[in-house]
Amino acid sequence: MEKSPKHRLADRVLWALGRASQQSHRLVRQHMTTAGIRTLHYHVLASLADDGEGAQATLADRIGLDRSDLVTLLDELEEQKFLARRVDPADRRRKIVAITPAGQRQLEVMDQLIYAAEADLLKPLTAAEQKTLLTLLTRLAPDS
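In this convention, every chain numbers its residues from 1, walking through the sequence in written order. Only residues with pLDDT of at least 70 get local features here, since the model is predicted, and only at 80 or more are side-chain atom pairs given and counted; chain-wide, interface and lining totals rely on the full set of residues. For the side-chain quantities, the full set of heavy atoms in the structure was used; hydrogens and water were omitted.

Colleague: Tell me about the overall build of the chain, and name the residues and values.
Modeller: Secondary structure is summarised from DSSP: a helix means a run of H or I of at least four residues, a strand means a run of E of at least two, and numbering begins at the N terminus for each. Within the chain one finds six helices and three strands. Listing each helix as α and each strand as β along the chain from the N terminus yields α-α-β-α-α-β-β-α-α. Its C-alpha atoms give the chain a radius of gyration of 19 Å, more than 25% over the compact-globule value 15 Å for 144 residues. The principal-axis extents of the C-alpha atoms in the chain amount to approximately 60 × 35 × 25 Å. Put simply, the radius of gyration uses C-alpha atoms, and a globule should come to 2.2 Å times the residue count raised to 0.38.

Here is the structure:
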């Protein structure tokens, strides 16, 4: 079997970060899918838990989703009792979305799946290397 040539950017940090990012996303999807969970549900619940309740439009903007796509996710999560929607008393046309206690518990389950994906990703590194990698990545993206 012939070995494929290295990509022309294989020795560049941006290329390696992109490949590592793709691998991390693949592992998260794999762990979530195996557990029967949609990764987009995680984004909704995490935003509600971390940033607080908000109008549907605000939530869509926070997580970078089209507003009509968000409605489908909210319907699914509301059906599972992971969030609740109520009419905004200041503007009756607007719905406020909040995470429920069941949603908080589901989010904790999802966090554990992400931790497992991270452990899979970082297996080749020692504990010290993992700490160094996190420190360096945090310096590259200080806002996160």
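From this point, the discussion proceeds with the structure in view.
Colleague: Could you give an account of the sheet that holds strand β3 (residues 91-99), with specific residues and numbers?
Modeller: The rule for pairing is simple: two strands pair if DSSP sees at least two bridges between them. A sheet is described by the order of its strands in space; here three strands give the open sequence β1-β3-β2, paired in antiparallel fashion. The sheet is open, and its two edges are formed by β1 (54-55) and β2 (83-88), each paired on a single side. In what follows, a contact means two residues having at least one pair of non-hydrogen atoms within 4.5 Å. Orientation is described by lines fitted to C-alpha atoms, with helices fitted over the stretch in contact, and by angles between N-to-C directions that extend from 0 to 180 degrees. Contacts from helix α4 (residues 67-79) reach β2 and β3, with the element oriented near 120° to β2.

Colleague: Before we move on, can you summarise a nonpolar patch on the surface with the specific residues and values?
Modeller: Like charges within 9 Å and nonpolar side chains (Val, Leu, Ile, Met, Phe, Trp, Tyr) within 5 Å are joined into patches, using only residues over 30% in relative accessible area that form no salt bridge. Surface accessibility follows the Shrake-Rupley procedure with a 1.4 Å probe radius. Residue values consider only the protein chains on display as shielding. Each salt bridge in this description consists of a side-chain nitrogen of Lys or Arg and a carboxyl oxygen of Asp or Glu lying within 4 Å of one another. Judged by side-chain polarity, Val13, Leu14, Leu17, Leu125, Leu133, Leu137 and Leu140 come together as a nonpolar surface patch covering roughly 630 Å² of accessible area. For the nonpolar patch, the secondary-structure elements that each account for two or more residues are α1 (13-34) and α6 (127-140). Note on placement: leucine 125 falls in the loop between α5 (101-122) and α6. What makes leucine 125 partly exposed here is its relative accessible area of 30%. Three labels apply to residues, based on accessible area from a 1.4 Å probe with only protein chains included: buried if under 20% of the type maximum, exposed if over 50%, partly exposed otherwise in between.

Colleague: Please set out the environment of alanine 60 residue by residue, giving values where relevant.
Modeller: Along the polypeptide, alanine 60 turns up in helix α3 (residues 56-63). C-alpha of alanine 60 to C-alpha of aspartate 120: the two residues are 60 residues apart in sequence and 31 Å apart in space. In this structure, alanine 60 is in contact with Leu65, Arg67 and Leu70, ignoring residues within four places of it in sequence.

Colleague: Give me the side chain of glutamine 56: which residues, what numbers.
Modeller: Note that glutamine 56 resides in helix α3. Sequence-distant contacts of glutamine 56, defined by excluding residues within four places in its chain, comprise Leu70, Val71, Leu74, Arg85, Lys95 and Val97.

Colleague: If you had to explain the confidence of the model for the chain to someone new, which residues and values would you point to?
Modeller: Across the chain, each position has a pLDDT score giving the predictor's confidence in that residue, from 0 to 100. Of the residues in the chain, 96% reach a pLDDT of 70 or more, and the chain-wide mean stands at 93. Between the elements of the chain, mean pLDDT differs from a low of 93, seen in β3, to a high of 97, seen in α5.

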